[in-house]
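What the coordinates show
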Amino acid sequence: MPENAETEAKEQPRRRQARGERRITQLLEAAATVFTTTGYTAASTNAIAREAGVSPGTLYQFFPNKEAIAIELGGRLVHEMQTAYGEALAPVDPATPLEEVVGAAVDRFMAFNCDHPVFFALMHGPDIPGRMAEDHDALHTGLVNRLETLMTSLLPDAPQADVTRTAHMVLGLYKAGLELVLAHEGAEREAYIREVKNVLVRYLDPLVGDRLGRSGSTATP
């Protein structure tokens, strides 16, 4: 086989693979739009194919059903979220201003959720696939563990039960605020993000102040 022909033969599978990856990305982006707009239950493969600008037959070459699409999309987002919280919830110096600690973490998580609203739609929907429910439970456990580590650095002398309770409360307050944030856009969304930060600072400030023997700081009114 001539050298040029041999090189071309080796390149063809790579090109097909690259085209396949681009098509999968296109389908997942379309699915994210449909799931966010209609919810998982009401979504259909026909709607996803239509959003992607392809035929249903093309979609079925890559995914057998909408559950497979949701699982692939959810798995990618869970991995990205794990990276985000690993960086955002690192232990901090107890002397770091509480507003700075809370602000940095909230900004990182809000950016992720606002960039990927489908994550909330999938992970908190009533009929998510079982595999995704398992991923969500594992993600929740990982988030609580990271929050416990962060809370331990802020409350170094607190009993473990108090640290765990505080971590669960912080996550619960954040999720409640996130739903409101995602329901708004523009300046109103930014206002709700500030409110989430204020709520968390006001909740944590007395705890941190008491443990460190210092007077609490004041969140933005």
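Data block above holds the structure.
So, here is what we can say about the structure in this document.

How each quantity is defined
Residues numbered from 1 in each chain as written. Predicted model: local features only at pLDDT ≥ 70, side-chain atom pairs only at ≥ 80, totals over all residues. Heavy atoms only, no water. 1 Å grid on protein atoms, 1.4 Å probe; cavity = no way out; pocket = protein on both sides within 12 Å on 5 of 7 lines; lining within 4 Å. Points joined across faces, edges and corners; volume = space filled by probe spheres on them. Helix = DSSP H or I, 4+ residues; strand = E, 2+ residues; numbered from the N terminus. Nonpolar A, V, L, I, M, F, W, Y, C, P; charged D, E, K, R; others polar. Phe/Tyr/Trp six-rings, centres within 6.5 Å; stacked < 30°, edge-to-face > 60°. Buried < 20%, exposed > 50% of the residue type's maximum accessible area, 1.4 Å probe, protein only. Lys NZ or Arg CZ within 6 Å of the ring centre and 35° of its normal. Salt bridge = Lys/Arg side-chain N within 4 Å of Asp/Glu carboxyl O.

Some remarks on the layout of surface pockets
Estimates place the volume of the largest pocket at around 240 Å³. Lining of the largest pocket is provided by 13 residues; of these, Glu29, Ala32, Leu73, Leu77 and His116 occupy positions nearest its centre. Breaking the lining of the largest pocket down by element, the ones donating at least two residues are helix H1 (3-38), helix H4 (66-88) and helix H6 (117-123). Ranked by residues supplied to the lining of the largest pocket, first place goes to H1 with 5 residues. Residues of the lining of the largest pocket, tallied by class, amount to 6 nonpolar, 3 polar and 4 charged.

Quick word on the packing of aromatic side chains
Evaluated as defined, the whole model comprises 3 aromatic pairs. For the ring pair Phe112 and Phe119, a centre distance of 5.3 Å and an interplane angle of 80 degrees mean the geometry is edge-to-face. The two residues Phe112 and Phe119 agree in class, both being buried. Over the aromatic face of Tyr40 sits the side chain of Lys66, whose NZ or CZ is 4.5 Å from the ring centroid.

Quick notes on the pattern of salt bridges
Inspection of every chain in the model, using the stated rule, returns 3 salt bridges. In this structure, Asp107 engages Lys197 in a salt bridge whose closest nitrogen and oxygen atoms are separated by 2.7 Å. With Asp107 in helix H5 (residues 98-115) and Lys197 in helix H9 (residues 186-212), the pair connects residues that are 90 residues apart, well separated along the chain. In this structure, the salt-bridge partner of Arg165 is Asp162, at a minimum N-O distance of 3.1 Å. With Arg165 and Asp162 both in helix H8 (residues 160-182), this residue pair falls 3 residues apart, about one helical turn.

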